[in-house]
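Residues per chain are reported as follows:
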Amino acid sequence: MYRVGTKVVYPTHGVGLVEAIERKDVSGGRQFFYILRIIGSGMTIMVPTKNAKRVGLREVIEPSEIPKVMAILKKNDLEISPNWNRRFKDNMERIKTGSLYEVALVLRKLVLLQKERNLSFGEKKMLENVRKLIVSEISHASGVDPEKARALVDKAVSSSGN
């Protein structure tokens, strides 16, 4: 169970702060909810505490995990489906897991694809969204400002990799 003041990551929305844990009457029963404020957007989300793990709520990565994320962002040997629908669905499923490693993989695949051809509107939007998610979490995990985190991410994705 997370405590008030804990920074957590909510899949597809990014880093949030547990502002409260409230008990509410729902469908004739009492449930506890995390009240999260998403830091990037100010959006408030209520997550039932018993469903937190199922929806992918997790703590921000440790600074020691950042090099692994950067390594994923540099990979060049990724298999990218030529089928737009399959690729989009696969990427959405990866993003919904909430794993920063999966989100980093999506970013890398989209960056590589963009080098080959123009991305569709949906993929362009997805590219910007996953970039924001990664930059935000790296910024919070490492304690650097978002501009510096974005520079680190951009440098990793533009490198040749292995």
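I will try to describe carefully the structure that is included in this document. Keep in mind that this is a model prediction, so the values were computed, not measured.

Here we look at the packing of helix H1 (residues 66-74) against helix H4 (residues 121-142)
Then, number 1: For the pair H1 and H4, the least separation of the axes is 11 Å and the interaxial angle reads 155°. When the axes of H1 and H4 are compared, the pair comes out roughly antiparallel. Considering only the axes of H1 and H4, their crossing is left-handed. For the pair formed by H1 and H4, the contact residues are Ile66, Val69, Met70 and Leu73 on the first element and Ile134, Ile138, Ala141 and Ser142 on the second.
Then, number 2: Residues that form the contact of H1 with H4 fall into these classes: seven nonpolar, one polar and no charged.

Concerning the pairing of strand S2 (residues 14-26)
Then, number 1: Both strand S1 (residues 7-10) and S2 contribute to a ladder of four bridges, which runs antiparallel. Paired with Lys7 across the two strands is Leu17, which belongs to S2.
Then, number 2: In the sheet, S2 pairs with strand S3 (residues 29-38) via 10 bridges, with the strands oriented antiparallel. Along S3, the bridge assignment pairs Gly16 with Ile38.
Then, number 3: Where S2 folds back onto S3 in an antiparallel hairpin, the turn is made up of two residues, including Ser27, whose phi is positive at roughly 50°.

With respect to the side chain of Glu123
Then, number 1: In this fold, Glu123 is placed in helix H4.
Then, number 2: Side-chain polar atoms of Glu123 contact the side chain of Arg87, separated by 2.6 Å.
Then, number 3: If near-sequence neighbours (up to four positions away) are discounted, Glu123 is found in contact with Trp84, Arg87, Phe88, Leu110 and Leu113.

Calculation rules
- Residues numbered from 1 in each chain as written.
- Predicted model: local features only at pLDDT ≥ 70, side-chain atom pairs only at ≥ 80, totals over all residues.
- Heavy atoms only, no water.
- Axes fitted to C-alpha atoms, helices over the stretch in contact; angles between N-to-C directions.
- Helix = DSSP H or I, 4+ residues; strand = E, 2+ residues; numbered from the N terminus.
- Parallel < 35°, antiparallel > 145°, perpendicular 65-115°, else oblique.
- Left-handed = near helix turned anticlockwise from the far one by under 90°.
- Contact = heavy atoms within 4.5 Å.
- Nonpolar A, V, L, I, M, F, W, Y, C, P; charged D, E, K, R; others polar.
- Pairing = 2+ DSSP bridges.
- Polar contact = N/O pair within 3.5 Å; in protein donor to acceptor, adjacent residues only side chain to side chain.

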